[in-house]
Amino acid sequence: MQICPSDATLGAEVTGIDLRNPLSDADFAEIENAWHDRGVLIFPGQNLTDEQHLAFTRRFGRLELSIRRNGSNLGRLSNVDKDGNVVPRSSLQARFLLGNTYWHSDSSYKSVGAKASLLAAHKVPSEGGETEWADMRAAYDALDQSMKDWLEGKIAVHSYEYSHKPFGGMEILGPEELKHLVPVEHAVVKTHPATGRRNLFVGRHASHILGEDLATSRALLERLTEEGAQSPRTYKHQWRAGDLVIWDNRCVLHRGHRWPDDQARVMVRTTVAGDDPDNEWVMQEDAAA
Ligand code: OGA
Ligand code: MN
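Notes on the structure in this doc start here.

What counts, and where the lines are drawn
Residues numbered from 1 in each chain as written. Chains lettered and ligands numbered in written order. Predicted model: local features only at pLDDT ≥ 70, side-chain atom pairs only at ≥ 80, totals over all residues. Heavy atoms only, no water. Helix = DSSP H or I, 4+ residues; strand = E, 2+ residues; numbered from the N terminus. Rg over C-alpha atoms; globule rule 2.2 N^0.38 Å. Buried < 20%, exposed > 50% of the residue type's maximum accessible area, 1.4 Å probe, protein only. Contact = heavy atoms within 4.5 Å. Areas by Shrake-Rupley, 256 points an atom, 1.4 Å probe, with all protein chains shown as cover. Lys, Arg positive; Asp, Glu negative; His and termini not counted. Charge placed at Lys NZ, Arg CZ, Asp CG, Glu CD. Donors = N, O, S within 2.8 Å, 3.2 Å for Na, K, Ca; no water. Expected span 1.5 Å × (residues − 1). Arc of directions from axis to C-beta. Near = heavy atom within 4 Å. Polar contact = N/O pair within 3.5 Å; in protein donor to acceptor, adjacent residues only side chain to side chain. 1 Å grid on protein atoms, 1.4 Å probe; cavity = no way out; pocket = protein on both sides within 12 Å on 5 of 7 lines; lining within 4 Å. Sits in = over half its atoms within 2 Å of the grid points. Pairing = 2+ DSSP bridges. Axes fitted to C-alpha atoms, helices over the stretch in contact; angles between N-to-C directions. Salt bridge = Lys/Arg side-chain N within 4 Å of Asp/Glu carboxyl O.

Broken down by element type, the chain carries nine helices and 15 strands. Relative to the globule expectation of 19 Å for 289 residues, the C-alpha radius of gyration of the chain, 18 Å, shows essentially globular dimensions. Looking at the chain as a whole, 52% of its 289 residues are labelled buried. In the chain, 83% of the contacts between residues at least 6 apart in sequence involve partners at least 24 apart. Within the structure as shown, the chain displays about 13,200 Å² of accessible surface, and the carbon and sulfur contribution to it stands at 49%. Averaging the coordinates of the 33 positive side-chain charges in the chain and doing the same for the 42 negative ones gives two points 2 Å apart.

Below is the structure:
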């Protein structure tokens, strides 16, 4: 196995390992260490089946329940309908995907955010459609001391409705599903459980800071996201069908880039739930394990 770090503060490409087969504990430990160090790992050309994708996902922890709470952890991010046609740009399906073009941490609108996301490319456009990640550990380190001091102990409200309403997020779910997606609170500065490094925890689902003026604190959160997600703290991947990427939602933000509206892009994502023992978003089959 070769692990080749990028020139940025995050990201590495991993080759010489076949994820279709069960991983030895030693190989998994090497991958997990590199993941903690680099935040994002690219595995080019793996071409996994959904079952192999899920099996690799499970090595990192328990599976997370989707917003539909329907028992499947495999999420399809696709602009193709069931007959294989690219959906119109104005459709709910295409509009929902557009939300992903803003920096975010997956599931940060849930009471416990996602630990890891594993995204596989099944069909890619001829241009565009890259995914980009931002290292919010390095972003925290780059803040001046007075900002670090001010942010200490601050809590942000993250809300599904706040971030998803403009993209049809309220229309794709029923009242029962929405009942589980009430606004939640997360510290703005987090400490990573494995590395002990501190990082900013912000992004599109973060609405405002508790106890602060709504508009001012919203603008501050947006500024922290924007200024944090700058070179050399960003890493962008141009997908090829078969690639698999895993990232750490606890300390890395990501966003998708647009591609020509008339071209198909089909991605499959699995999600590892946050490690908290009483995480209500852990899939039941995994909760018992
Ligand atoms: C995701 C996501 C962006 C993309 O899978 O969680 O935000 O480029 N994807 O598809
Ligand atoms: Mn995402």
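Here the focus is the coordination of the manganese ion (ligand 2). Summarising the metal site, the manganese ion (ligand 2) is bound by the protein donors H104 (NE2), D106 (OD) and H254 (NE2), whose distances to it range over 2.1 Å. Counting along the primary sequence, the residues that act as donors to the manganese ion (ligand 2) give the motif H-x1-D-x147-H. With H104 in the loop between α3 (92-98) and β5 (116-123) and H254 in strand β14 (residues 252-256), this residue pair connects regions lying 150 residues apart in the sequence.

The next thing to look at is helix α8 (residues 214-228). Spanning 15 residues, α8 covers 21 Å between terminal C-alpha atoms, matching the ideal 21 Å at 1.5 Å per step. Inspection of α8 places S217, L220, L221, L224, T225 and G228 among the buried residues, and these make up the whole buried set. In an axial view of α8, the angular spread of the buried residues amounts to 135 degrees, which keeps them on one side of the axis. For α8, the exposed residues set more than 90 degrees away from the buried face come down to A215 and T216.

The local shell around ligand 1 consists of L77, N100, H104, D106, L119, E130, T131, W247, H254, G256, R265 and R269. Contacts to ligand 1 include R265, whose side-chain N or O atom sits 2.9 Å from an oxygen atom. Surface burial for ligand 1 is 98%, taken as the share of its 290 Å² of free accessible area covered by protein chains. Put simply, ligand 1 lies in the second largest pocket.

Looking now at the environment of L97. Mapped onto the elements, L97 comes out in helix α3. What makes L97 buried here is its relative accessible area of 16%. Considering only alpha carbons, one finds L97 and N279, 182 residues apart in sequence, at a separation of 26 Å. With sequence-adjacent residues up to four places away left out, L97 is seen in contact with L77, S78, N79 and W259.

The sheet built from three strands is open, its strands ordered β12-β6-β14 with antiparallel pairing. The open sheet has two free edges, formed respectively by β12 (234-237) and β14, since each of these has just one partner strand. Within this sheet the neighbouring strands show an average axis-to-axis angle of 20 degrees, counted without direction. Across four bridges, strand β6 (residues 131-135) lies against β12 in antiparallel orientation. Residue A134 lies in a different strand from β12, and its bridge partner there is T234.

For the rest of this paragraph, the subject is the pairing of strand β7 (residues 155-158). The sheet contact formed by β7 and strand β8 (residues 184-187) spans four bridges and is antiparallel. Bridge pairing links I155 to A187 in β8. Sheet topology places β7 next to strand β11 (residues 206-209); three bridges connect them, and they run antiparallel. Looking across to β11, one finds that H158 is bridged to A206.

Structurally, R204 can be placed in the loop between β10 (198-200) and β11. No salt bridge is formed by the buried R204; the nearest opposite charge belongs to D106, separated by 7.1 Å. Of note is the side chain of R204, whose polar atom sits 3.2 Å from the backbone oxygen of G99. Setting aside anything within four residues of it in sequence, one finds R204 in contact with G99, N100, Y102, W103, H104, Y162, S163, H164 and F167.

Looking now at the sheet that holds β8. Read across the sheet, three strands follow the order β8-β7-β11 without closing on themselves; strand pairing throughout is antiparallel. Lying at the two open borders of the sheet, with one neighbouring strand each, are β8 and β11. Here the strands of the sheet are splayed against their neighbours by 35 degrees on average, with no regard to which way each runs. The strands that α8 touches are β7 and β11; relative to β11, the one it contacts most, it runs at about 125 degrees.

As for its position among the elements, G39 is in the loop between α1 (25-38) and β3 (40-43). Overall, G39 belongs to the buried group, its relative accessible area being 0%. Along the sequence, G39 and V252 sit 213 residues apart, while their C-alpha atoms lie 6.5 Å from each other. Every residue in contact with G39, bar those within four places of it in the chain, is listed here: A34, R137, I246, W247, D248 and V252.

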